[in-house]
Amino acid sequence: DARVTQTPRHKVTEMGQEVTMRCQPILGHNTVFWYRQTMMQGLELLAYFRNRAPLDDSGMPKDRFSAEMPDATLATLKIQPSEPRDSAVYFCASGHLQGPDTEAFFGQGTRLTVV
Amino acid sequence: KNQVEQSPQSLIILEGKNCTLQCNYTVSPFSNLRWYKQDTGRGPVSLTIMTFSENTKSNGRYTATLDADTKQSSLHITASQLSDSASYICVVTDYGGATNKLIFGTGTLLAVQP
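Treat the numbers as computed from the prediction; the structure is a model and nothing was measured.

Engineer: I would appreciate a short explanation of the overall build of chain B in the present structure.
Structural biologist: A tally of helices and strands in chain B yields zero helices and eleven strands. Along the chain direction, N to C, the helices and strands of chain B fall in the order β-β-β-β-β-β-β-β-β-β-β. Computed over the C-alpha atoms, the radius of gyration of chain B is 14 Å, within 12% of the 13 Å expected from 2.2 N^0.38 for a compact globule of 114 residues. For chain B, restricting intrachain contacts to residue pairs at least 6 apart in sequence, the fraction spanning at least 24 positions comes to 56%. Of the roughly 5,300 Å² that chain B leaves accessible, carbon and sulfur atoms contribute 50%.

See the structure below:
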């Protein structure tokens, strides 16, 4: 069945290292979201794309985070250099948000720990 | 500022009992409101979605209501089961034309005890 796939599921890295998280949206979906979830903040929108074009990345720290969609089947979120405060679960979601009654489907998330 | 607030923050109920979760929002213009269920360690899964013209929508034991005038929604869970233990997140879509943005509440953590 169609689902959003995220890799890796877990990542432990040292402070200062580069981290790349990947997302395969559901085929045919035109909108892709990146969210970060922590216990304190809940789900925060980092960036989202419509038809592979970035629409809003105001929630993302620009100096260290970057999000791209090199093609319709892959979205990436990169952190360089990583910091301990980046530790969180990062979710990707996709949907075909052209109207009011539409759905967004979430991946299982990537749990990032920066030590 | 567009916001979505949920209450209570957490809730403990006994198996078999009913409960109601609340969501207030200030998002405008409003497109739709969704309730998601998120199990620990998993991604959110949609329960219901309602447009501004809908007052209620059910999905099994879950019933969501929406009052677009007062900007309030509720999620009612009937005959709770242990598997209902999860976070329930209210999400409002900011209908900005081409830039539909999902605005999340911080969730209600529900624990169903035997």
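From this point, the discussion proceeds with the structure in view.
Engineer: Honestly, the layout of surface pockets in this entry has me stumped. Any pointers?
Structural biologist: A probe as big as a water molecule, rolled over the atoms, marks out the empty space that is left. Counted as a void, the largest pocket has a volume near 720 Å³. Elements with a minimum of two residues in the lining of the largest pocket: β4 (31-38), β5 (42-50) and β9 (88-95) of chain A together with β9 (86-94) and β11 (108-113) of chain B. Class assignment for the residues of the lining of the largest pocket results in ten nonpolar, 16 polar and four charged.

Engineer: Is there a simple way to think about the interface of chain A and chain B in this case?
Structural biologist: Reports of interface size often rely on the accessible area that becomes lost once the parts have come together. With 23 residues of chain A at the contact, the number on the chain B side is 20 residues. In this assembly, chain A packs against chain B so that about 1,900 Å² is buried in total across both faces, 49% of it on carbon and sulfur atoms. On the surface where chain A and chain B come into contact, there are zero salt bridges. Counting only elements with at least two residues in the side of chain A that touches chain B, the list comes to β4, β5, β6 (53-56) and β10 (104-106) of chain A. The residue makeup of the side of chain A that touches chain B, split by class, is eleven nonpolar, six polar and six charged.

Engineer: When you look at the state of the cysteines in this model, what are you seeing that I'm missing?
Structural biologist: Structurally, a disulfide amounts to a covalent bond that connects the sulfur atoms of two cysteines. All names here are of chain B. Evaluation of the coordinates by the stated rule reveals two disulfides over all chains. Put simply, Cys23 and Cys90 are joined by a disulfide, and their sulfur atoms are 2.0 Å apart. Between Cys23 and Cys90, the S-S dihedral sits near -70°, and the bridge is therefore left-handed. With a gap of 67 residues between them, Cys23 in strand β3 (residues 19-25) and Cys90 in strand β9 connect regions that are remote in the sequence. Accessibility assignment for this pair places Cys23 and Cys90 in one class, buried.

Engineer: Sorry if this is basic, but what is going on with the packing of aromatic side chains here?
Structural biologist: Two aromatic rings are characterised by how far apart their centres lie and by the angle between their planes. Counted under the stated rule, the structure contains nine aromatic pairs over all chains. Between Tyr62 of chain B and Tyr88 of chain B, the aromatic rings sit 6.1 Å apart at their centres with planes inclined by 45°, giving tilted as the arrangement. A residue pair is termed long-range when its members are at least 10 positions apart, and Tyr62 of chain B in strand β7 (residues 62-67) and Tyr88 of chain B in strand β9 qualify at 26 residues. Of the residues examined, Tyr62 of chain B reaches a relative accessible area of 9% and is grouped as buried. Look at Tyr88 of chain B and you get buried, because its relative accessible area is 0%. Members of the aromatic cluster, each reached through a chain of ring pairs, are Phe33, Tyr35, Tyr48, Phe91 and Phe106 of chain A together with Tyr36 and Phe104 of chain B.

Engineer: Any chance you could explain the confidence of the model for chain B here in plain terms?
Structural biologist: Across chain B, pLDDT averages 89, with 94% of residues at or above 70. Mean pLDDT values for the elements of chain B range from 80 in strand β10 (residues 101-104) of chain B up to 97 in strand β8 (residues 72-77) of chain B.

Engineer: Where do I start with the environment of Glu5 of chain B in this structure?
Structural biologist: Residues and elements named next belong to chain B. Inspection of the secondary structure puts Glu5 in strand β1 (residues 4-7). C-alpha of Glu5 to C-alpha of Lys71: the two residues are 66 residues apart in sequence and 11 Å apart in space. Residues contacting Glu5, with those up to four places away along its chain left out, are Gln22, Cys23 and Asn24.

Engineer: Would you explain the sheet that holds strand β8 (residues 74-79) of chain A in this entry?
Structural biologist: Each strand in a sheet pairs with another by means of backbone hydrogen bonds, the pair being arranged parallel or else antiparallel. Residue and element names in this part refer to chain A. Overall, antiparallel pairing links the four strands, which are arranged β1-β3-β8-β7 in an open sheet. Each of the sheet's edge strands pairs with one partner strand only, and the pair in question is β1 (5-7) and β7 (65-71). Strand-to-strand twist in this sheet, taken as the mean axis angle between neighbours without regard to direction, amounts to 20°. Across five bridges, the pairing between β7 and β8 is antiparallel. Looking across to β8, one finds that Asp71 is bridged to Leu74.

Analysis parameters
- Residues numbered from 1 in each chain as written.
- Chains lettered and ligands numbered in written order.
- Predicted model: local features only at pLDDT ≥ 70, side-chain atom pairs only at ≥ 80, totals over all residues.
- Heavy atoms only, no water.
- Helix = DSSP H or I, 4+ residues; strand = E, 2+ residues; numbered from the N terminus.
- Rg over C-alpha atoms; globule rule 2.2 N^0.38 Å.
- Contact = heavy atoms within 4.5 Å.
- Areas by Shrake-Rupley, 256 points an atom, 1.4 Å probe, with all protein chains shown as cover.
- 1 Å grid on protein atoms, 1.4 Å probe; cavity = no way out; pocket = protein on both sides within 12 Å on 5 of 7 lines; lining within 4 Å.
- Points joined across faces, edges and corners; volume = space filled by probe spheres on them.
- Nonpolar A, V, L, I, M, F, W, Y, C, P; charged D, E, K, R; others polar.
- Buried area = accessible area lost by both parts, 1.4 Å probe.
- Salt bridge = Lys/Arg side-chain N within 4 Å of Asp/Glu carboxyl O.
- Disulfide = S-S within 2.5 Å.
- Buried < 20%, exposed > 50% of the residue type's maximum accessible area, 1.4 Å probe, protein only.
- Phe/Tyr/Trp six-rings, centres within 6.5 Å; stacked < 30°, edge-to-face > 60°.
- pLDDT = per-residue confidence, 0-100.
- Pairing = 2+ DSSP bridges.
- Axes fitted to C-alpha atoms, helices over the stretch in contact; angles between N-to-C directions.

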